[in-house]
Amino acid sequence: MTVVSSPPPPYGPAVGTVPGEPPTPGTDARPPDGGTPAGRPAAHVPELHGLRGLALALVVAFHLFGDGRVSGGVDVFLVLSGFLATGSLLRRAERRELRLGEHYGRTFARLVPPALLVLAATAALAWWVMPRGTWMQTGREILASALYYVNWEMISGQLAYGAAGPQTSPLQHFWSMSVQGQFFLAWPVVVLVVVALARTARISSRGLLLVVAGGTTVASFVFAQALHGADQPVAYFHTWARFWELGLGGFLALLLPWLRLPDALRPLLGWAGLGLVVSSGFVLDGGALFPGPWALWPVAGALLVLLGSGGSAGWGPRGLLRVAPLRFVADISYALYLWHWPLLIAYLHHTGRDHVDLTGAALIMAVSVVLSWLTTQLVGNPAQRFRERFGGVRALVAVTVCVGLVAGGTVAGLAGLERRDAALLAAAEDLASSAAEDSGPAEYPGALALGDAYTEPVPDGVPVLPAPAVAARDRPAVDGDGCIEGSSHTAGSDRPLMCVLHDERDPERVVVMVGDSHTIQWTPAMTEVAKEEGWQALLLARRGCRLAEPVEPPDPTDMCWAWRANAMAALEQMRPDAVMVVGSRTSPTEPGDVVDPPEVLAWQRLAESGIRVVTLRDNPRFGFDVPACVEEAPAAGCSRPRDEVYSPVNPVRGAEGVPPSAVHLDLTRFICAELLCEGVVGNVLIYRDDNHMTATYAATLAQPLHQALRAKARWLFAEPAGAPLADVSDPQVPGGT
């Protein structure tokens, strides 16, 4: 059986051809090898056009009406891309008709113009409705999307695929276009090389390409499963972890002319495949499960539809896939995929909602359809006419110029934003330095504004520092030193790396801070304490991983537990004077803070080794991005009631099994007022996101931390005779210990 596409309508997408992402450009309608096995006439596949429309409709519907669930539609598009592109490339390469310049021009003349229009519109929407703190990252993603590497930008930025929300990238959906774009750039070269080798060796080029496609597909699938288990967010965007879906489509395209399927079987395969495609989003959480083995669900569905297409039986899914609404959606599918997601994110920012309601989803759908039809008619089709009139090479030159203009403009804009951000960060760094040296300037007392010693009111009209636009970058200096292990589960990520916060040739004491990002954020304060006391201060941290002992045997592939074991061994070998950890855990939704029993077991083990533990009470977590809230609304509105964040008493004190030698510091009175935990205190922005303190605010906590340590951890100090210092975490103070 041979499957080819039907002739395209005037200036419109071909049936079985995909003009971009989600569809596949650069295919033709000629049968492979000039004919079909046994001289049978070629059969076109109207099912493919309808399948593309159905898959796209599922993508958009689940994004808008399904709380952002992954439908599996993009996985179907990847299969179709590999299927349609591979057969076309092989046929033209065997006929010596494959010219890379002409091919790339034909491919990217379909892909690029609509994409550049949407990227420009996204930049305008970001400027209009999104917080300034998101502009830099959005600009980087616009540049990466225009150059087809945004999936790698998202990996490097540690962005995980998520449902639509105010913190979600408006260009998240461009990842799949980058994967396909990279495939469209590399695969023609692979095909040309394989055909050249086959000619030299006088063997079948189809057979050799079948071996290459099969081998790379298997290798990609194995890699995807390994990376999925180690670091699923990275695997989701990773080109090589996604290639197997494209490769399976290409493998089927090469194998299909040699298959002999009974006509009676094809409708069964088609309906079964259609059922898998439609049910995928309802049954699976693709955002968490793909591209692991469960991605075979929609992929197998697409393959079965391809296998079942082209038969003569009248009871297959062809009639359903040829209905007018699906054909219309398929005709505008590329533009619809491009438009719906940035419009959705812009809507959420404009309305201040966390998720889209039914009315909003319907509105976004209607606007997306109109814009997609206009984009197809006024941009996509004219670009195709230009290519048809002037040829692929000239179209490639024109596309390259357009991409260069957009990329150049984006780079210039990013440079301006970088200069602005550098000035804002410098102002915050100056404040942090002055806060560490003394009480800080009167207009920016930070945490001291909540203390007993500071009685002056903060002057009106003083701007917030760090500025909300750069708060996300206001991190501790140690956070960029490469000594903090990431959260992946790849081999080697269990190393107990040690950061030096402050070093002394002959230190009075050695204090090691251990834990995750909620420990890291305290390092500016601890560094200043160590400088004043002549201590050696170290940090042993892994993102998302606190020090704990397993209650039952852990999963050996879980690098967090492996890191915990290695970190504990390193601490027992070092025998520091104190280990400082965050002792409780707050929640953005649940009232009160809690203590995790496995962490208590770790403190017990340290105590048995003669190592004393100092715990810090956790800071609040919010269900929204605090800097964005402060930028868009009065700072007083960016808060949570204190009694929703914290338990009445520090839960570490009453937790079962906490060693008596441990001491517990509660500095929450310097983070929250008596009734509210706000985003700004003393004109200093506390948070850089929804739950991590800015380095600037943490620096203003140095004095309270120093005083609390002197009061509670007196073994660390060579105290002169006299009355002890007052405990700043006095139990009479709300939230104190």
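What counts, and at which threshold
- Residues numbered from 1 in each chain as written.
- Predicted model: local features only at pLDDT ≥ 70, side-chain atom pairs only at ≥ 80, totals over all residues.
- Heavy atoms only, no water.
- Helix = DSSP H or I, 4+ residues; strand = E, 2+ residues; numbered from the N terminus.
- Contact = heavy atoms within 4.5 Å.
- Areas by Shrake-Rupley, 256 points an atom, 1.4 Å probe, with all protein chains shown as cover.
- Disulfide = S-S within 2.5 Å.
- Buried < 20%, exposed > 50% of the residue type's maximum accessible area, 1.4 Å probe, protein only.
- Pairing = 2+ DSSP bridges.
- Right-handed = clockwise from strand over helix to strand, strands pointing away.
- Axes fitted to C-alpha atoms, helices over the stretch in contact; angles between N-to-C directions.
- Parallel < 35°, antiparallel > 145°, perpendicular 65-115°, else oblique.
- Left-handed = near helix turned anticlockwise from the far one by under 90°.
- Phe/Tyr/Trp six-rings, centres within 6.5 Å; stacked < 30°, edge-to-face > 60°.
- Salt bridge = Lys/Arg side-chain N within 4 Å of Asp/Glu carboxyl O.
- Patch = residues over 30% accessible without salt bridge, like charges linked within 9 Å, V, L, I, M, F, W, Y side chains within 5 Å.
- pLDDT = per-residue confidence, 0-100.

**A closer look at the overall build of the protein chain**
In terms of helices and strands, the protein chain carries 26 helices and 12 strands. Long-range pairs, those at least 24 residues apart, make up 80% of the contacts in the protein chain between residues at least 6 apart in sequence. When the accessible area of the protein chain is evaluated, it comes to approximately 28900 Å², of which 61% is carbon and sulfur surface.

**Digging into the state of the cysteines**
Here a disulfide denotes one covalent bond, and it connects the sulfur atoms of two cysteines. Applying the stated criterion across every chain yields a total of 4 disulfides. Put simply, Cys545 and Cys560 are joined by a disulfide, and their sulfur atoms are 2.0 Å apart. One quick way to see it: the torsion about the S-S bond of Cys545 and Cys560 is about 100°, and its sign makes the bridge right-handed. Here the residue Cys545 occupies a position in the loop between strand E5 (536-541) and helix H20 (559-574), and Cys560 occupies one in helix H20, the gap between them amounting to 15 residues. In this structure Cys545 comes out as buried when scored by relative accessible area, which is 0%. Accessibility expressed as a relative area gives 8% for Cys560, which makes it buried. Here Cys629 is linked by a disulfide to Cys638, with a sulfur-sulfur distance of 2.0 Å. An S-S torsion of about -95° defines the bridge between Cys629 and Cys638 as left-handed. What links to what in the protein chain: the bonded cysteines, counted in sequence order, pair as 1-2, 3-4, 5-6, 7-8.

**Some thoughts on the pairing of strand E7 (residues 613-616)**
Judged by which residues are buried, E7 turns out to be covered on both faces: Val613 and Thr615 on one side and Val614 and Leu616 on the other are all buried. Across 4 bridges, the pairing between strand E6 (residues 578-582) and E7 is parallel. Considered in E7, the bridge of Val582 is made with Leu616. Of the crossover connections in this fold, the one passing from E6 over helix H21 (residues 597-608) to the parallel E7 is right-handed. Taken together, the 3 bridges between E7 and strand E9 (residues 663-665) define a ladder with parallel strand orientation. Bridging across to E9, Leu616 finds its partner in Leu665.

**A few points about the environment of Ala426**
Checked against the element boundaries, Ala426 lands in helix H17 (residues 392-437). Residues Ala426 and Pro466, 40 residues apart in the sequence, show an inter-C-alpha distance of 9.1 Å.

**Things to note about the sheet that holds strand E3 (residues 499-502)**
The strands that make up a sheet are held in pairs by hydrogen bonds between backbone atoms, and each pair lies either parallel or antiparallel. Strands sit in the order E3-E5-E4-E6-E7-E9 across an open sheet of 6 strands; the sheet is mixed. Edge strands, defined here as strands with exactly one partner in the open sheet, are E3 and E9. On average, each strand axis in the sheet is tilted by 25° relative to the strand beside it, whichever way the strands run. Packing of H20 onto the sheet brings it into contact with strand E4 (510-515), E5 and E6, and relative to E4 it is tilted by some 170°.

**Description of the packing of helix H2 (residues 73-94) against helix H12 (residues 296-308)**
The geometry of H2 relative to H12 is characterised by a closest axis approach of 8 Å and an angle of 45° between their N-to-C directions. Classed by the angle they form, the pair H2 and H12 counts as oblique. Pair H2 / H12 crosses with right-handed handedness. In this structure, H2 contributes Asp75, Val76, Val79, Leu80 and Phe83 to the contact, and H12 contributes Pro298, Val299, Ala302, Leu303 and Leu306.

**Things to note about the packing of aromatic side chains**
Scanning the model with the defined rule gives 17 aromatic pairs in all. Both rings, one in Phe221 and one in Trp244, keep their centres 5.0 Å apart while their planes meet at 85°; by these two values the pair is edge-to-face. In this pair, Phe221 sits in helix H7 (residues 205-230) while Trp244 sits in helix H9 (residues 239-255), placing the two residues 23 residues apart along the sequence. Judged by its relative accessible area of 0%, Trp244 falls in the buried class. Ring geometry for Phe386 against Phe390: centres 4.7 Å apart, planes inclined by 40°, an arrangement best described as tilted. Within this pair, Phe386 and its partner Phe390 are both found in helix H16 (residues 358-390), separated by 4 residues, close to a single helical turn. Phe386 sits in the partly exposed class, given a relative accessible area of 35%. Assessed through its relative accessible area of 34%, Phe390 is described here as partly exposed. Cluster of aromatic residues (ring-pair linked, three or more members): Phe183, Phe184, Trp187, Trp240 and Phe243.

**Concerning the pattern of salt bridges**
Applying the stated rule across the entire model yields 24 salt bridges. Residue Arg710 is joined to Glu533 by a salt bridge in which the shortest nitrogen-to-oxygen separation is 2.8 Å. Placement of the pair is Arg710 in helix H26 (residues 702-712) and Glu533 in helix H19 (residues 523-533), with a sequence separation of 177 residues. Owing to a relative accessible area of 21%, Arg710 belongs among the partly exposed residues under this scheme. The salt bridge involving Asp666 is made with Arg617; its shortest N-O contact spans 2.9 Å. Placement of Asp666 in the loop between E9 and strand E10 (676-678) and of Arg617 in the loop between E7 and helix H22 (626-632) is noted, with a sequence separation of 49 residues between them. Accessibility assignment for this pair places Asp666 and Arg617 in one class, buried. Ionic contacts of the salt-bridge type, sharing partners, join the residues Asp516, Arg546, Arg585, Asp596, Glu599, Asp618 and Arg621 into one network.

**With respect to a nonpolar patch on the surface**
On the surface, a nonpolar cluster with roughly 540 Å² of combined accessible area is contributed by Leu265, Leu268, Trp271, Trp315, Leu320 and Val323. Structurally, the position occupied by Leu268 is in helix H10 (residues 266-283).

**Examining the confidence of the model for the protein chain**
Taken as a whole, the protein chain shows an average pLDDT of 87; of its residues, 89% reach a score of 70 or greater. Across residues 1-44, where pLDDT falls below 50, the model places 141 contacts with residues more than four positions away in sequence or in other chains. Counting contacts from residues 731-737, a segment whose pLDDT is below 50, to residues more than four positions away or on other chains yields 19 contacts.

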